[in-house]
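# Secondary and tertiary structure notes
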Amino acid sequence: MEQKTLFDKIWDAHVVKSIPCGPDVLYIDQHYIHEVTSPQAFSGLKQRGIPVFRPGKTLATADHNIPTINQHLPIRDELSRNQVATLDSNCSEYGIDYFGLNHPKNGIVHVIGPELGYTRPGKTIVCGDSHTSTHGAFGAIAFGIGTSEVEMVLATQCILQPKPLKMRITVNGNLKSGVTSKDLIMYIISQVSTGGATGYFVEYAGPVIRELGMEARMTICNMSIEMGARGGIIAPDEITFRYLSELPSVPENFDWNSLIHKWKELKSDAGAQFDRELEFKADLIRPMITFGTNPGMGMAIDDSIPSLDELNGNATSSFIKSLDYMGFVPGMKMLGQPVDYVFLGSCTNGRIEDIRAFAKLVKGRKKAPNVTALIVPGSKKVELQAVDEGLVRILNKAGFELREPGCSSCLAMNDDKIPEGKYAVSTSNRNFEGRQGPGARTLLASPLTAAAAAITGKITDPREFID
């Protein structure tokens, strides 16, 4: 019997047709949409007079363009307001479930999908958003698609897609105190580079991955595409099943025992072949931070930016340009660098686990006066949890305010932009030029590192505050 990888098992089970010397026609179980990449797709359907084939397989939310304060008021920006209104209208016309602004289930698309039980093991999942890879944490094949492909899925519930190569990344050892899943994936990206996994779908394995909770696994899979991967996936296990069992929407309509039995088969067979294998030692990882303008330009927080000599002749104009943009120089230390903004949120680190970690570190301390903090829950559910668990009281006492859900300053599509020239320690996923606003300087980090910066006003090793 052929030994198959987890990825092969799910992909092969969803192939409707294989085109000779071409892509596969892949059936899609779950389609997520939001206000930015869906309007053109719906317009295409209307121009061709085509209905949505299976509206029950699509779920919509507003997240990218919405404000994170005063959500009861009309959206001020005209373009954002029109995009949200258009999504509302399209979902109403085509019978698609829509969790819009002020809906109790509203939130970032890659946060609400898992927490509401729509994301499950064995599914194929797509969305017009690159960080759809988040859902791979549940043992699903999940990847981002373009606007024309959004239209294709709406019209047919299928997509034309070439089958990617397969990579397995195994992480052994133990994560040290103060090192989080965000540090782990940032370390891997710094070692692999932003293009090192191009063309691959990555399965994460090993004892370190197996010990991570679901929210930490989502962070890992979320940033898989930052090293060029098509997506990331982790085999479901008892941690996955326990998480899903607590979501009433999952066992409510299904035979739970049958689901568990089926999901337990979703793992790579012993001897299954991968196109590339990598191994990393967790013991070597320290809290990470980026210093440049792509996620691969990361280092341990207590290291120095590489000098030109250390680059062994690989110094390129892009490296120098990146440092010039950031206002840094080769060989400098990051510790002690003043920061202006701290952002906790996004589909990478906007879950309740992230707010708990941030609140635990700032408890009994005060926000630095020079720091503007944007603490943004990933969903209404996370927002309510933060209130119920007393986290908001801790944050308020330390000088922080919990905002309302949204993508916020992960990207410059709403009011939460970072001003030109300002430094922002951000728990989001991308630090490209202008990502958080024209001229903004982004330093990616974990919630713990963000919390340390928020109370000191400078880049600080979070381990200084951990017993």
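You'll find the structure just up there.
Computed from a prediction, not measured in an experiment: that's the story for all the values here. Every chain is numbered independently, its residues counted from 1 as its sequence is written. Local features in a predicted model are, by the rule used here, given only for residues with pLDDT of at least 70; side-chain atom pairs are given and counted only at 80 or more, and totals for whole chains, interfaces and linings are based on all residues. The side-chain figures draw on all heavy atoms in the structure; neither hydrogens nor water molecules are used.

What we call a nonpolar core is a set of buried Ala, Val, Leu, Ile, Met, Phe, Trp, Tyr and Cys residues that are connected through their side-chain atoms within 4.5 Å. Burial classes follow relative accessibility: with a 1.4 Å probe on protein chains only, a residue under 20% of its type's maximum area counts as buried, one over 50% as exposed, and anything between as partly exposed. Ile96, Ile169, Leu184, Ile188, Tyr204 and Met227 are the most contacted members of the largest nonpolar core, which has 76 residues in total. Sequence-distant contacts of Leu184, defined by excluding residues within four places in its chain, comprise Val171, Val208, Ile209, Leu212, Ile220 and Ile285. One finds Phe319, Leu361, Tyr423 and Ala424 within the second-largest nonpolar core, a separate group that totals 59 residues. For this analysis, residues touch if any pair of their heavy atoms sits within 4.5 Å.

Looking now at the pairing of strand β17 (residues 423-426). Secondary structure counts use DSSP, requiring at least four H or I residues in a row for a helix and at least two E residues in a row for a strand, with both numbered from the N terminus. Judged by which residues are buried, β17 turns out to be covered on both faces: Tyr423 and Val425 on one side and Ala424 and Ser426 on the other are all buried. For strand β15 (residues 341-344) and β17, the ladder comprises three bridges, and the chain directions are parallel. In the strand pairing of β17, Val342 is matched with Val425. Only strands that DSSP links by at least two bridges are regarded as paired with each other. Note that β17 and strand β18 (residues 441-444) share four bridges and pair parallel. Paired with Val425 across the two strands is Leu443, which belongs to β18.

The residue Asp77 is located in the loop between β4 (58-61) and α3 (78-94) in this model. Measuring from C-alpha to C-alpha, the distance between Asp77 and Met1 comes to 58 Å, with 76 residues separating the pair along the chain. We call two N or O atoms a polar contact when they sit within 3.5 Å, provided that within protein one can donate a hydrogen and the other can accept it, with sequence-adjacent residues counted only if both atoms are side-chain atoms. Engagement of the side chain of Asp77 in a polar contact is seen with the backbone nitrogen of Leu79, the distance being 3.3 Å. A polar contact is formed between the side chain of Asp77 and the backbone nitrogen of Ser80, at a distance of 2.8 Å.

In this section: the state of the cysteines. Any pair of cysteine sulfurs within 2.5 Å is marked as a disulfide. If you walk through the whole model with that rule in mind, you get zero disulfides. You can see Cys127 has no disulfide; the closest cysteine sulfur is in Cys347, sitting 9.6 Å from it. Residue class for Cys127 comes out buried when judged on its relative accessible area of 0%.

Another aspect to go through is the sheet that holds β15. Sheet strands pair via backbone hydrogen bonds, and the direction of the pair is either parallel or antiparallel. Ordered by their spatial adjacency, four strands build an open sheet running β16-β15-β17-β18, and the pairing between neighbours is parallel. At either end of the open sheet lies a strand with only one pairing partner, and these are β16 (372-375) and β18. Strand-to-strand twist across the sheet, computed as the mean angle between neighbouring axes with direction ignored, equals 20°. Strands β15 and β17 of the sheet are contacted by helix α16 (residues 447-456), whose axis makes an angle of about 150° with β15. Note on definitions: angles span 0 to 180 degrees between N-to-C directions of axes, and those axes are lines fitted to C-alpha atoms, for helices only across the stretch in contact.

Within the chain, Asn102 stands out as a residue other than glycine whose phi angle is a positive 75°. By the secondary structure assignment, Asn102 is in the loop between β5 (97-99) and α4 (109-115). Under the relative-accessibility criterion, Asn102 is labelled partly exposed at 44%. A positive phi angle is found at Ser193, which is not glycine, with a value near 90°. Structurally, Ser193 can be placed in the loop between α6 (181-192) and β10 (200-205).

Within the element layout of this structure, Ser181 appears in helix α6. Given the relative accessible area of 9%, Ser181 is considered buried. Ignoring sequence-local partners within four residues, the contact set of Ser181 consists of Leu212, Ala216, Thr219 and Ile220.

Spatially, the five strands line up as an open sheet ordered β5-β4-β3-β6-β7, and their pairing is parallel. Because the sheet does not close on itself, it has two edges, and the strands there are β5 and β7 (141-144). Ignoring strand direction, the axes of neighbouring strands in this sheet form an average angle of 20°. Direction of pairing for strand β3 (residues 30-33) relative to β4: parallel, over a ladder of three bridges. Bridging across to β4, Ile33 finds its partner in Ala60.

Time to look at the environment of Gly56. In this fold, Gly56 is placed in the loop between α2 (39-48) and β4. As for Gly56 and Ile96, which are separated by 40 residues in sequence, their C-alpha atoms are 6.5 Å apart.

Considered for burial, the residues of α2 that qualify are Ala41, Phe42, Gly44 and Leu45. Angularly, the buried residues of α2 cover 155° about the axis, an arc narrow enough to put them on a single face. Exposed and oriented more than 90 degrees from the buried face of α2 are Gln40 and Gln47. Looking at the packing, one finds that the buried side of α2 touches β3, α3 and α5 (147-156). Just beyond α2, the residue with positive phi is Gly49, at close to 65°. Arc definition: directions from the helix axis to the C-beta atoms.

A few words now on the packing of aromatic side chains. When two rings of Phe, Tyr or Trp (its six-membered ring) have centres within 6.5 Å they constitute a pair, described as stacked for plane angles under 30 degrees, edge-to-face for angles over 60, and tilted for the intermediate range. The full count for this structure, using the stated rule, is 10 aromatic pairs. Ring centres of Phe138 and Tyr243 lie 5.5 Å apart, and the angle between their planes is 65°; on these two criteria the pair is classed as edge-to-face. Of the two residues, Phe138 sits in the loop between β6 (124-127) and β7 while Tyr243 sits in helix α9 (residues 238-245), which places them 105 residues apart along the sequence. Ring geometry for Phe328 against Tyr423: centres 5.5 Å apart, planes inclined by 15°, an arrangement best described as stacked. In this pair, Phe328 sits in the loop between α11 (317-326) and β15 while Tyr423 sits in strand β17, placing the two residues 95 residues apart along the sequence. Of the two residues, Phe328 and Tyr423, both sit in the buried class. Each member of the aromatic cluster is reached from another via a ring pair, and the members are Phe7, Trp11 and Phe201.

Function-wise, these values are silent; they only describe arrangement.
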